[in-house]
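Given next are the chains, with one letter for each unit.
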Amino acid sequence: MNATILMTYRESSPERRKNLLTTVQWLAAEAPAAKLLVIEQDSYPRLTGTLPHPEHQVQFAYNPHGFNKAWGLNVVACMARTPVLVFTDADLIVPGSLRSIIDACAQQAPIAKPYDDVRDLTEAESARVHQGHYGVEPPSSPSGKPGREAIGEQLPLCGGMFAIRSDAFFHIGGWDERFVGWGGEDDAMSVKLQRAQMQVVVQAGTALHLWHPRATAHIDQAQYQRNVAVLQSIRQCSDAQLARMAEVQRQVMGYSEKYRPRESAQ
């Protein structure tokens, strides 16, 4: 299969590790021939041992500071050598949809999304998924709306999981690495792709978000406000400014030694 699945990860709790292993096992069942690249970003490697996927590779990238999802995904994207890239979170299951979005991305449109609804599973529901029951169907929202929409959230195109042709990804300059910590990078990527007017295939389906303790109490509010400001600046860019930004970001994106002190760089 001519696609690479890309993921970035940081160990923060036993639940996060359990979710990662379950997600990787599901990816192996869905598309065992697709290569899986995982970048662990931390002060030292914690993700030792093998993952339950026949074509996986784990790389460590030094980052003792705030988790930078955008940077981590750019690092693995620069490592990939396939025409289709699949970006995914480490706690998301989309039953029966992985191969179809890879095919759609390769044959129909440069971007493919495998679901239009996300359900946040309870701890008990997640336990069933950890046992290999990927077809768990949580009850419908009382409002009748899809899961996240029931609480007023709109799903960003580039949140969770999506597939994109590699030439399209690099054309818009990849993920914006100015986002650190929680919030903003998915929306910024979505804005960049939508402004580029690329065709998108969105398949009807439900993604299952595995349970883990929420870290909202530990969010750096000052950094979050900086992320909000960066996102707002991207939304206000003219087409010419976005094109220039993409040109610059293509030259600097995905540098794996970004956070290592210069005197310690190998």
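A few points on the structure. Because the structure is predicted, anything quoted here is derived from the model rather than measured. (Residues numbered from 1 in each chain as written. Predicted model: local features only at pLDDT ≥ 70, side-chain atom pairs only at ≥ 80, totals over all residues. Heavy atoms only, no water.)

Some points on the overall build of the chain
- Scanning the chain for helices and strands turns up 8 helices and 10 strands.
- Taken over C-alpha atoms, the radius of gyration comes to 18 Å for the chain, in line with the 18 Å a tight globule of 266 residues would show.
- Projected onto its principal axes, the C-alpha coordinates of the chain cover approximately 45 × 40 × 40 Å.
- Taking the contacts inside the chain whose residues are at least 6 apart along the sequence as the reference set, 78% of them involve residues at least 24 apart.
- Of the accessible surface of the chain, which amounts to about 12,900 Å², a share of 50% is contributed by carbon and sulfur atoms.
- Averaging the coordinates of the 26 positive side-chain charges in the chain and doing the same for the 28 negative ones gives two points 4 Å apart. (Helix = DSSP H or I, 4+ residues; strand = E, 2+ residues; numbered from the N terminus. Rg over C-alpha atoms; globule rule 2.2 N^0.38 Å. Contact = heavy atoms within 4.5 Å. Areas by Shrake-Rupley, 256 points an atom, 1.4 Å probe, with all protein chains shown as cover. Lys, Arg positive; Asp, Glu negative; His and termini not counted. Charge placed at Lys NZ, Arg CZ, Asp CG, Glu CD.)

With respect to the layout of surface pockets
- Its volume calculated, the second largest pocket comes out at about 220 Å³.
- In terms of lining, the second largest pocket is formed by His171, Ile172, Lys192, Arg195, Ala196, Asp239, Leu242, Ala243, Met245, Ala246, Glu247 and Arg250.
- Counting residues per element, the lining of the second largest pocket draws most heavily on helix H8 (residues 239–252), which supplies 7 residues.
- Here the lining of the second largest pocket is built from residues that sort into 6 nonpolar, 1 polar and 5 charged. (1 Å grid on protein atoms, 1.4 Å probe; cavity = no way out; pocket = protein on both sides within 12 Å on 5 of 7 lines; lining within 4 Å. Points joined across faces, edges and corners; volume = space filled by probe spheres on them. Nonpolar A, V, L, I, M, F, W, Y, C, P; charged D, E, K, R; others polar.)

Brief notes about the sheet that holds strand E8 (residues 161–165)
- If you walk across this open sheet you meet the 7 strands as E3-E2-E1-E4-E8-E6-E9, and the pairing is mixed. Taken across any chain shown, the strands that pair with only one partner, and hence form the sheet edges, are strand E3 (56–62) and strand E9 (200–202). Going across the sheet, the axis of each strand differs from the next one's by a mean of 20 degrees, ignoring polarity.
- As paired strands, strand E1 (residues 3–9) and strand E4 (residues 84–88) are joined by 4 bridges and run parallel to one another. Pairing of Ala3 across the sheet is with Val84, part of E4.
- Lying on the sheet, helix H2 (residues 69–79) is in contact with E1, strand E2 (35–42), E3 and E4; it crosses E2 at an angle near 140 degrees. (Pairing = 2+ DSSP bridges. Axes fitted to C-alpha atoms, helices over the stretch in contact; angles between N-to-C directions.)

Brief notes about the pattern of salt bridges
- All chains considered together, the criterion is met by 11 salt bridges.
- For the salt bridge of Arg46 with Asp42, the shortest nitrogen-to-oxygen distance reads 2.7 Å.
- Residue Arg46 is classed as partly exposed on the basis of its relative accessible area of 32%.
- Across the pair Asp117 and Arg119 runs a salt bridge, and its minimum N-O distance is 2.8 Å. (Salt bridge = Lys/Arg side-chain N within 4 Å of Asp/Glu carboxyl O. Buried < 20%, exposed > 50% of the residue type's maximum accessible area, 1.4 Å probe, protein only.)

Notes on the packing of helix H6 (residues 185–195) against helix H7 (residues 221–235)
- Running from amino to carboxyl end, H6 crosses H7 at an angle of 5 degrees, the nearest separation of the two axes being 10 Å. What the angle tells us is that H6 and H7 run roughly parallel. When H6 is examined against H7, the residues Asp187, Ala188, Val191, Lys192 and Arg195 are found in contact with a partner set consisting of Leu231, Ile234 and Arg235.
- Looking at side-chain class alone, the contact of H6 with H7 contains 4 nonpolar, no polar and 4 charged residues. (Parallel < 35°, antiparallel > 145°, perpendicular 65-115°, else oblique.)

Quick notes on the sheet that holds strand E7 (residues 117–120)
- The mixed open sheet is built from 3 strands, whose spatial order is E5-E10-E7. A single partner strand is all that each edge strand has here, and the edge strands are strand E5 (92–93) and E7.

Considering the pairing of strand E10 (residues 206–209)
- Across 2 bridges, the pairing between E5 and E10 is antiparallel. Within the sheet, the bridge partner assigned to Ile93 lies in E10 and is Leu208.

Topic: H8
- Between its first and last C-alpha atoms H8 spans 20 Å; for 14 residues at 1.5 Å apiece the expected length is 20 Å, and the two agree.
- Listed as buried for H8 are Leu242, Met245, Ala246 and Gln249. Around the axis of H8, the buried residues are gathered within 105 degrees of arc, so they sit on the same side. What points out from H8, more than 90 degrees from its buried face, is the exposed set Ala240 and Gln251.
- In this fold, the buried residues of H8 make contact with helix H5 (166–171), H6 and H7.
- Backbone geometry just downstream of H8 places Gly254 in the positive-phi region, at approximately 75 degrees. (Expected span 1.5 Å × (residues − 1). Arc of directions from axis to C-beta.)

Some points on the environment of Ser97
- Following the sequence through the fold, Ser97 ends up in the loop between E5 and helix H3 (98–107).
- Each C-alpha atom, one on Ser97 and one on His53, is 18 Å from the other, the two residues being 44 residues apart in sequence.
- Beyond its immediate chain neighbours, meaning those up to four positions away, Ser97 contacts Glu30, Pro114 and Gln203.

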